[in-house]
Amino acid sequence: MWTFFHKLGSPKWFYDISGKWLPWFAAISAILLVFGSVWALAFAPEDYQQGNSFRIIYIHVPSAILAQSCFMMMAIAGAIGLIWKMKLADMFVKAAAPVGASFTFMALLTGAVWGKPTWGTWWVWDARLTSMLILLFLYFGIMALQSAIEDATTAAKASAVLALVGLVNIPIIKYSVEWWNTLHQPATFTLTEKPAMPAEMWVPLLIMLIGFYCFFTTVILLRTRNEILERERRTNWVKKLVTKGASL
Amino acid sequence: MNVSVQNTASPSVMSIFITVLKRDLTLAYRRRQDLVNPMIFFVIVVSLFPLGVSPEKSFLQEAGAGVVWVAALLATLLSLDSLFRSDFEDGSLEQIVLTPQPLFIMVLAKITAHWLVTGVPLIILSPMLGVMMHLDFDTIKVLMLTLLLGTPVLSLVGAIGAALTVGLRVGGVLISLLILPLYIPVLIFGTGTVQAAANMLPIEGYIALMGAIFALALTMSPLAAAAALRISLSN
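What counts, and where the lines are drawn
Residues numbered from 1 in each chain as written. Chains lettered and ligands numbered in written order. Predicted model: local features only at pLDDT ≥ 70, side-chain atom pairs only at ≥ 80, totals over all residues. Heavy atoms only, no water. Helix = DSSP H or I, 4+ residues; strand = E, 2+ residues; numbered from the N terminus. Rg over C-alpha atoms; globule rule 2.2 N^0.38 Å. Buried < 20%, exposed > 50% of the residue type's maximum accessible area, 1.4 Å probe, protein only. Arc of directions from axis to C-beta. Contact = heavy atoms within 4.5 Å. UniProt positions renumbered as here; feature names shortened; annotations may be inferred. Salt bridge = Lys/Arg side-chain N within 4 Å of Asp/Glu carboxyl O. Axes fitted to C-alpha atoms, helices over the stretch in contact; angles between N-to-C directions. Left-handed = near helix turned anticlockwise from the far one by under 90°. Nonpolar A, V, L, I, M, F, W, Y, C, P; charged D, E, K, R; others polar. Phe/Tyr/Trp six-rings, centres within 6.5 Å; stacked < 30°, edge-to-face > 60°. Lys NZ or Arg CZ within 6 Å of the ring centre and 35° of its normal. Patch = residues over 30% accessible without salt bridge, like charges linked within 9 Å, V, L, I, M, F, W, Y side chains within 5 Å. Areas by Shrake-Rupley, 256 points an atom, 1.4 Å probe, with all protein chains shown as cover. Core = buried A, V, L, I, M, F, W, Y, C linked by side-chain atoms within 4.5 Å. Buried area = accessible area lost by both parts, 1.4 Å probe. Polar contact = N/O pair within 3.5 Å; in protein donor to acceptor, adjacent residues only side chain to side chain.

Participant: Teacher, can you tell me more about the overall build of chain A here?
Facilitator: When its secondary structure is counted, chain A shows nine helices and zero strands. Reading chain A from its N terminus to its C terminus gives the helix and strand order α-α-α-α-α-α-α-α-α. Taken against the 2.2 N^0.38 rule, which gives 18 Å for 248 residues, the C-alpha radius of gyration of chain A at 20 Å falls within 12% of a compact globule. The principal-axis extent of the C-alpha atoms belonging to chain A is close to 60 × 35 × 30 Å. Scored against the burial criterion, the 248 residues of chain A give a buried share of 47%.

So, in structure tokens, the structure goes:
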């Protein structure tokens, strides 16, 4: 475990190993997403109240979960970067911010599309929705800060601090549906309880969720590798890699 | 980077707090125009709502507390950029960072000074604006109470944003982008309290939450702002 952690400090090692992981994650996410969405959109039974409009859940819930979990990963990576000065953690934060922002945006957008037939409105100032919107603004803030500071190390540290401060929003999002009596329905998935839905409905959701995580990992790996090449462009191994014209 | 110069008699934490506080208050007093500007801004923003939206008594009573809160928030935001900037430009911020005393104490002193010169005048002005918004006397008292608990949070959380952007040329706009999302919970609970009071509902729960937010901000944000200052000064 610790040797793994120490090896993570070396961008070159990570570049090599992630090149081996990448096709696997890409393939698994493609299979899961195709399989899951066909099952979810064509074969899962209709909801007894919402009819077919509930099917957007299969996009909405995974992206909402990813949006929050990406922010938490950024905060953890930010803390690791601040404490152990690990370059890779800094690169991860930089790579993850736009991805997390897109997942948040997707969650808000699919939520609006879902809200129109179900609640009769695109948007309400409900606690869950508002706190997700704040999350989007926090992602924008981190991205703005990263682009405003020219020095890469300073930018990474500053955005790590901001990610840690912004972490207070995550429990607010998580418990907003329990603390406030709002329009948004309670969490669809919990780790501890059996889902209230029949298996034909939640199994595809689970497949989509795992597929989203694999997709997220694929994108993050690609972006982090790109970041590694850019930051380590003065080192010998990158020069060798580029001049050789080596493939991924 | 914390090169400490060994003094023969190192001043205590309390005295360093008071020294920095006095220095910042003196500086603020010498530049009185900067002190008055956020207050004028505060009053103007509030007076825009009756002119721009509706002068109806019922609307103003409904929206009054929210309007005063949003205006207070924007006025604080306006003054935040100057929290560390002038010290950064004349080099005294580096001296402050290099002293052997804990940085977060001095940051806390600077934040306290900032609250005293921007937050407190807003609280003092708020009853007048409350009357202009046709709020009744009891609601105004609650409004003042929420501002008393809320404006320190605005200064404390805002200091993190000010510290992160102090070395940057685009500081002003970026602070709003970084800090406004973090202000939203305070705004929600602040206006929620006043609304509950206006509807004769119990407000103790809200006040307790505001107090909890204040306690969290008071303990955490000087540390975060101090860390952010070190990062901003490191290049």
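Participant: Even after reading the chapter, I still don't get helix α7 (residues 169–179) of chain A, so can you show me in this structure?
Facilitator: Since there are 3.6 residues in each turn of an α-helix, residues three or four apart along the chain are aligned in direction. All names here are of chain A. Within the span of α7, buried status applies to Asn 169, Ile 170, Ile 173, Ser 176 and Val 177. Looking straight down α7, one finds its buried side chains confined to an arc of 140°; they lie on one side. Structural note: α7 exposes Glu 178 and Trp 179 on the side pointing more than 90 degrees away from its buried face. Lining the buried residues of α7 we find α3 (57–84), α5 (127–148) and α6 (152–166).

Participant: Looking at this model, I keep getting lost on the UniProt feature "transmembrane region" (unreviewed entry) in chain A. Mind explaining?
Facilitator: All names here are of chain A. The UniProt record marks residues 21–44, 56–83, 95–115, 127–149, 161–181 and 201–222 with the feature "transmembrane region" (unreviewed entry), using the residue numbering of this structure. Note that residues 21–44 is 96% helix and 0% strand, and that its end C-alpha atoms are spaced 32 Å apart. Secondary structure within residues 127–149 divides into 96% helix and 0% strand; the distance between the first and last C-alpha atoms comes to 33 Å.

Participant: Looking at this structure, how should I read the pattern of salt bridges?
Facilitator: Side chains bearing opposite charge may pair, as long as their charged atoms lie close to each other. All names here are of chain B. Tallying each qualifying case throughout the model produces ten salt bridges over all chains. We note a salt bridge from Asp 24 to Lys 110, for which the minimum N-O separation is 3.0 Å. In this pair, Asp 24 is assigned in helix α1 (residues 13–30) and Lys 110 in helix α6 (residues 103–132), connecting sequence segments 86 residues apart. The burial state of Asp 24 is the same as that of Lys 110; both residues are buried. Among the ionic pairs, Arg 85 bridges to Asp 81, the shortest N-O distance being 3.2 Å. Linked through salt bridges whose partners overlap, the residues forming this network are Arg 23, Asp 24, Asp 87 and Lys 110.

Participant: Is there a simple way to explain the UniProt feature "transmembrane region" (unreviewed entry) in chain B in this structure?
Facilitator: All names here are of chain B. Sites flagged by UniProt as "transmembrane region" (unreviewed entry) map to residues 35–53, 65–84, 104–130, 142–164, 170–194 and 206–229. Along residues 65–84 the backbone is 95% helical and 0% strand, and the end-to-end C-alpha distance reaches 30 Å. For residues 206–229, the end-to-end C-alpha separation is 33 Å, with 100% helix and 0% strand making up the annotated structure.

Participant: How should I be thinking about the packing of helix α2 (residues 32–52) of chain B against α6 of chain B in this particular structure?
Facilitator: Geometry of a packed helix pair, given as the angle between the helix axes and the separation of the axes. All names here are of chain B. Two numbers describe how α2 lies on α6: the axes approach to 10 Å, and their chain directions differ by 35°. Judged by the twist between their axes, the crossing of α2 over α6 is right-handed. Of the residues in α6, those touching α2 at Leu 35, Pro 38, Met 39, Phe 42, Val 43 and Val 46 are Val 117, Thr 118, Pro 121, Leu 122, Leu 125 and Leu 129. Classifying every residue of the contact of α2 with α6 by side-chain character gives eleven nonpolar, one polar and no charged.

Participant: What should I look at first to understand the packing of aromatic side chains in this one?
Facilitator: The geometry of an aromatic ring pair comes down to the distance between the two centres and the angle between the two planes. Taken as a whole and judged by the stated rule, the model has eight aromatic pairs over all chains. On the numbers, 5.5 Å between centres and 55° between planes, the contact of Tyr 15 of chain A with Trp 237 of chain A is tilted. Remark: Trp 237 of chain A occurs in helix α9 (residues 236–244) and Tyr 15 of chain A occurs in helix α2 (residues 11–43); sequence separation between them is 222 residues. Taking the relative accessible area as the measure of exposure, Trp 237 of chain A reaches 16% and is therefore buried. Judged by centre distance (5.5 Å) and plane angle (85°), the ring pair of Trp 123 of chain A and Trp 125 of chain A falls under edge-to-face. Given a relative accessible area of 28%, Trp 123 of chain A falls into the partly exposed group. An aromatic cluster of at least three residues, connected via ring pairs, comprises Phe 103, Phe 212 and Phe 216 of chain A. Above the face of the Tyr 29 of chain B ring, Arg 32 of chain B is positioned so that its terminal group lies 4.4 Å from the ring centre.

Participant: Is there a simple way to think about a nonpolar patch on the surface in this case?
Facilitator: A surface patch of nonpolar side chains, about 420 Å² in accessible area, is lined by Phe 105, Leu 109, Val 113 and Trp 122 of chain A. Tracing the sequence through the fold places Val 113 of chain A in helix α4 (residues 87–119).

Participant: Can you help me understand the nonpolar core in this one?
Facilitator: Grouped burial of nonpolar side chains is what soluble globular proteins tend to show. If you look at the biggest cluster of nonpolar residues, it comprises 135 residues, and the most contacted ones within it are Tyr 58 and Met 74 of chain A together with Phe 42, Phe 84 and Leu 164 of chain B. Excluding residues within four positions of it along the chain, Leu 164 of chain B makes contact with Leu 145, Ala 158, Val 161 and Leu 162 of chain A together with Leu 178, Ala 228 and Ser 232 of chain B.

Participant: Explain the interface of chain B and chain A to me, please; I cannot follow it from the model alone.
Facilitator: Contacts between chain B and chain A engage 19 residues on the former and 22 residues on the latter. Of all residues in chain B, the largest losses of buried area upon contact with chain A belong to Leu 164, Leu 182 and Ile 231 of chain B, amounting jointly to 30% of the total for that side. Linking chain B with chain A are zero salt bridges. For the interface between chain B and chain A, the tally reads zero residue pairs in polar contact (both at pLDDT 80 or more).

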